[in-house]
Amino acid sequence: MNATRPRPRAILRIHFHPAERTEELYGQLLAVIDGISSRVQPLPADWSAYVDLTGALTYWGRDVEGLVAVLRLRLLALHGVQCSAGAGPTRSIAAMAADATPPSGATVVGDDPYEIAAFLRTKPASALPGIGPKTAKTLARYGITSVGDIADTHLPTLQRILGTAAARLAHDRAHGIDEQPVVPGAAPKTMSAGHRFERDELDTERHHRAVLGLVQDLGQRLRASGEIAQALTLTVTYADHTQTTRTRTLTEPTAHTPALAATARDLRAGLGLQRARVRTLALRAERLRPAEDTIHQLTLDTRDDKLRRLETALDKAATRYGCGVAAAASTFHRAG
């Protein structure tokens, strides 16, 4: 009696390339994917997702190339969003294929061992998931510069260089072995605010004021919804439509405006916008949690307690009178 050969996995890594990024749009793009396969693992930090297409292939009666083409066409037709995609029999191969693919393209690696080896072996060692720049530099000192070199190096030798666990992981992935599943789940909750300048803006002081305005907006909305943020992401869109995005984890999860403002100022300063023509600024609060989960580090600084009481008063005023307390809030930010 012949054993049934397990059906090969088909894993997709897809990167979205919209003109402007909003949490609403990201959710809509995930919904389009869910119409093809329900096994979707969101990766909102870099606007991508993993998708397990294995079961969907039979349901839709298509091969991997055909189903990926259908998905990309739906995303473009419904939301005008181009995407780059990589597919393969494992998560690591799918990720490598996606990274090697330009926007609006797709790369599919089949499950044939020779095709897998041909795809992997010529790639630089740093292209293998789990091999960062420091590890790649260490391997290079031993003449190991490609994924093929990693595959050809005896495991005990790799273990002496990288350590037992890291060596086993790199050795397996270099041979196309990766059992990591796609873990379906909802995208981590976020909240965003954006500001579009009337014309491309060079004035760094206007950039600064716009970012503080976004902080004020996010802080009030977070506190109103009873949530705290664990990180902030600042996205700058320039006159030529290119974007720069930076994310920073907060010292402690918070909805406290001065703490959010300090992190946002650091993000803006780190981008070096002195000569940049900025079209839009977007600030996103990441990985939201219920406010009751917060653990505020106690200090002897009474000024922070005063700011929190002022913040509460401003929130009540904003709720009662609307946006007419902007001047007071602006002073509050400078105090923070």
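Counting restarts for each chain: residues are numbered from 1 in the order of the written sequence. Selection of residues for local features in this predicted model requires a pLDDT of at least 70, selection of side-chain atom pairs for listing and counting requires 80 or more, and totals for whole chains, interfaces and linings are taken over all residues. Values reported for side chains reflect all heavy atoms of the structure, with hydrogen atoms and water molecules removed beforehand.

Trainee: Break down the packing of aromatic side chains for me, citing the residues and quoting the values.
Mentor: Pairs of aromatic rings are described using the distance from one ring centre to the other and the angle between the two planes. A pair of Phe, Tyr and Trp rings is counted when the ring centres sit within 6.5 Å of each other, with Trp represented by its six-membered ring. The angle between the planes then sorts it: under 30 degrees is stacked, over 60 is edge-to-face, the rest tilted. Across all of its chains, the model carries 3 aromatic pairs by this definition. Between Phe 16 and Tyr 26, the ring centres sit 6.0 Å apart and the planes meet at 80 degrees, which makes this aromatic pair edge-to-face. Of the two residues, Phe 16 sits in strand β1 (residues 11-17) while Tyr 26 sits in helix α1 (residues 23-34), which places them 10 residues apart along the sequence. Grouped by ring-pair contacts, the aromatic residues Phe 16, Tyr 26 and Trp 47 constitute a single cluster. Charge-over-ring contacts are defined here by two conditions on Lys NZ or Arg CZ: a distance within 6 Å of the ring centre and an angle within 35 degrees of the ring normal. For Arg 13, the ring lying beneath its charged end belongs to Tyr 50, and the centroid distance is 4.7 Å. Above the plane of the ring of Tyr 50 lies Arg 91, whose end atom (NZ or CZ) is 4.0 Å from the centre. In this text, helices come from DSSP runs of H or I with a minimum length of four residues, and strands from runs of E with a minimum of two, each type numbered from the N-terminal end.

Trainee: An account of the sheet that holds strand β5 (residues 106-108) is needed here, citing residue identities and associated values.
Mentor: Pairing between strands is defined by DSSP: at least two bridges between the two strands are required. Strand order in the open sheet formed by 5 strands is β2-β3-β1-β4-β5, and the pairing between neighbours is mixed. Both edges of this open sheet fall to β2 (40-43) and β5, since each of them pairs with a single strand only. Across the sheet, the axes of successive neighbouring strands diverge by a mean angle of 15 degrees, strand direction being ignored. Both strand β4 (residues 82-88) and β5 contribute to a ladder of 3 bridges, which runs parallel. Note on β5: the bridge partner recorded for Gly 86 is Thr 107. Lines are fitted to the C-alpha atoms to define the axes, a helix being fitted only along its stretch in contact, and any angle between axes, read from their N-to-C directions, falls within 0 to 180 degrees.

Trainee: Could you give me a rundown of the pairing of strand β3 (residues 48-52), with the residues and numbers involved?
Mentor: Residue exposure (1.4 Å probe, protein chains only): buried if accessible area is under 20% of the type maximum, exposed if over 50%, otherwise partly exposed. The buried fraction of β3 is high, at 5 of 5 residues. The side-chain alternation of β3 yields two buried faces, one formed by Ser 48, Tyr 50 and Asp 52 and the other by Ala 49 and Val 51. Where β1 and β3 come together, 5 bridges link them in antiparallel fashion. From the neighbouring strand, Ile 11 faces β3, where its bridge partner is Asp 52. When β2 meets β3, the two strands line up antiparallel, connected through 4 bridges. In the sheet register, Val 40 faces β3, and the bridge partner there is Val 51. Hairpin connection, β2 to β3: the antiparallel pair is bridged by 4 residues, and Trp 47 has positive phi, about 50 degrees.

Trainee: Any chance you could break down the pattern of salt bridges for me, citing the residues and the numbers?
Mentor: What counts as a salt bridge is simple: a side-chain nitrogen of Lys or Arg found within 4 Å of a carboxyl oxygen of Asp or Glu. Inspection of every chain in the model, using the stated rule, returns 12 salt bridges. For Asp 152, the salt bridge is made with Arg 121, and the minimal N-O distance between the two is 2.6 Å. With Asp 152 in helix α7 (residues 147-152) and Arg 121 in helix α5 (residues 113-121), this residue pair connects regions lying 31 residues apart in the sequence. Two residues, Arg 206 and Glu 201, come together in a salt bridge whose shortest N-O distance is 3.8 Å. Via salt bridges that share partners, Glu 201, Asp 203 and Arg 206 belong to a single interconnected network.

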